[in-house]
Amino acid sequence: MSLRASIQQGVDEAFDAIDDIAKMVTFIRKTDAGFDFSSREKVDPESCYVVCKCYVRDTEDNSEVIKKRLMLKTIDIGDITAFDSVEIDGIKYRLGPNPRDDSFVVYVDVYNG
Amino acid sequence: MGKYTNAEEQAYSVFALAEWKAEDILTFPANYVGKDITKDYIRVQVIPSGEGVNRISVSGILMVDIFVEAGKGTKALTDIADKLDLYLCNKSFKTSGPSVTQLFNSSLQLRGLDQDNPGLYRGVYSIPFIYTEVPQ
C-alpha cells in the first residue's frame, strides 16, 4: 500500500471512529452568475449541494457571531473554496477565509449570519 | 432615490451597455465575491467622497482596479485603461430625473503585484466625477 493510501485509510478509520460525534452537513455551492450593472445586483446563481460528514471541533459564541471550526475529509468535498456556505442543524453558516487543506483533511471556519 | 444611489446608478450604467459587454472585459463591483476568474478583469467602485454644488449633489472618484496576468508586462493593463477612457473620459451620464453625472479626465497608476493574489498585476484607473441634481 502506498503511503498516500495508508494515510487515507487512517483518516477514513478516524472519521468512522468518531461515529455520532460527527454531523452530516450540507455544503452549498453557487455557480458564479455575474453582476447586473443595470439593476446593480448580483445575478441569482444556481446552487448545488454536497452532503458530507463533518466534525465540529469547537464553537465560539460571542453573542453577535457564532464561529464553528469544521474538520472534514478532502475526498468528500474536493475543492472547499468552491463553496460559499454550509448548513448545520438547519442553520446556514458562511465559509470563512483561508481554509486549510492538507489533501487529506480540510479545516475551515464558518460564521453564522 | 438619494444622491449616492443615483450617482452610483449613473456611473454603473456604462457597464450595463451592450457595447461595453461586447468588449469582453469581466467587470465586477466592489464587495463582489466571485469564483474561478481566469482572465483579466476589472473591479469598479464609486467613491462619492467630495462636495457637491448643493445638498443633493456630490462629487467623487470612479475607481477601477484593473487586474491582469502577472509577469507579462503592462500592455493588457493599458489596453483596458484605454478602453475605459473611450467609455468614460469626458462623458456625461443621465438616467432619469433632473440629474447628471459628469466625468472628467482619467489617470492610471500601476500598483504592482496584487497582495491577495500575486498571480495578478494591478493597476488603478481613476476618474473624477460630479453628480449634479437640481432641486425641484
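Residues numbered from 1 in each chain as written. Chains lettered and ligands numbered in written order. Predicted model: local features only at pLDDT ≥ 70, side-chain atom pairs only at ≥ 80, totals over all residues. Heavy atoms only, no water.

Caption draft 1: A look at the interface of chain B and chain A. Counting residues at the interface gives 13 residues for chain B and 11 residues for chain A. Both faces combined, the contact of chain B with chain A buries some 1100 Å², and carbon together with sulfur accounts for 59% of it. Along the contact surface separating chain B from chain A lie 1 salt bridge. We note a salt bridge from A:R40 to B:E8, for which the minimum N-O separation is 2.7 Å. Our count for the contact surface shared by chain B and chain A stands at 1 residue pair in polar contact (both at pLDDT 80 or more). Elements supplying a minimum of two residues to the side of chain B that touches chain A: α1 (3-13) and β1 (26-29) of chain B. (Contact = heavy atoms within 4.5 Å. Buried area = accessible area lost by both parts, 1.4 Å probe. Salt bridge = Lys/Arg side-chain N within 4 Å of Asp/Glu carboxyl O. Polar contact = N/O pair within 3.5 Å; in protein donor to acceptor, adjacent residues only side chain to side chain. Helix = DSSP H or I, 4+ residues; strand = E, 2+ residues; numbered from the N terminus.)

Caption draft 2: Molecular detail of the nonpolar core. Core analysis: the biggest nonpolar cluster contains 36 residues, and B:F15, B:I42, B:L62, B:I66, B:L84 and B:L88 have the highest contact counts within it. Counting residues per element, the ones that place at least two in this core are α1, β2 (41-50), β3 (58-69), α3 (75-88) and β7 (120-133) of chain B. With residues up to four places along the chain from it excluded, the contact list for B:I66 reads B:Y41, B:I42, B:L77, B:I80, B:A81, B:L84, B:L108, B:Y121, B:R122, B:G123 and B:Y125. In this structure, A:F27, A:C54, A:Y93 and A:V108 belong to the second largest nonpolar core, which totals 18 residues. (Core = buried A, V, L, I, M, F, W, Y, C linked by side-chain atoms within 4.5 Å. Buried < 20%, exposed > 50% of the residue type's maximum accessible area, 1.4 Å probe, protein only.)

Caption draft 3: Representation of the packing of aromatic side chains. Summed over the entire model, instances satisfying the criterion amount to 11 aromatic pairs over all chains. For the ring pair A:F37 and B:F15, a centre distance of 5.5 Å and an interplane angle of 50° mean the geometry is tilted. Placement of the pair is A:F37 in the loop between β2 (35-36) and β3 (41-42) and B:F15 in the loop between α1 and α2 (18-22), with the two residues belonging to separate chains. When its relative accessible area of 4% is taken as the criterion, A:F37 is described as buried. Look at B:F28 and B:Y32: their rings are 4.8 Å apart centre to centre, the planes differ by 20°, and that puts the pair in the stacked class. Overall, B:F28 belongs to the buried group, its relative accessible area being 8%. Across from the ring centre of B:Y32, 4.7 Å away, lies the NZ or CZ of A:K42, which sits over that ring. Of note, A:R100 hangs over the ring of A:Y107, and the distance from its end group to the ring centre comes to 4.6 Å. (Phe/Tyr/Trp six-rings, centres within 6.5 Å; stacked < 30°, edge-to-face > 60°. Lys NZ or Arg CZ within 6 Å of the ring centre and 35° of its normal.)

Caption draft 4: Representation of the pattern of salt bridges. Residue and element names in this part refer to chain A. Counted under the stated rule, the structure contains 13 salt bridges over all chains. In this structure, R69 and D58 form a salt bridge, with 3.4 Å as the shortest nitrogen-oxygen distance. You can see R69 sitting in strand β5 (residues 66-73) and its partner D58 sitting in strand β4 (residues 47-61), a full 11 residues away along the chain. When its relative accessible area of 31% is taken as the criterion, D58 is described as partly exposed.

Caption draft 5: Structural detail: the pairing of strand β6 (residues 107-113) of chain B. Residues and elements named next belong to chain B. Of the pairings in the sheet, the one linking β6 to β7 comprises 6 bridges and is antiparallel in character. Looking at the pairing, G112 lines up with R122 of β7. Hairpin connection between β6 and β7: a loop of 6 residues separates the two successive antiparallel strands. (Pairing = 2+ DSSP bridges.)

Caption draft 6: Representation of the confidence of the model for chain B. Residues and elements named next belong to chain B. Of all residues in chain B, 96% have pLDDT values of 70 or greater, and the mean over the chain is 90. Considering each helix and strand of chain B separately, the mean pLDDT is smallest for strand β4 (residues 92-93), with a value of 90, and largest for α3, with 96. Our summary of model confidence lists the complex with pTM equal to 0.71 and ipTM equal to 0.76. (pLDDT = per-residue confidence, 0-100.)

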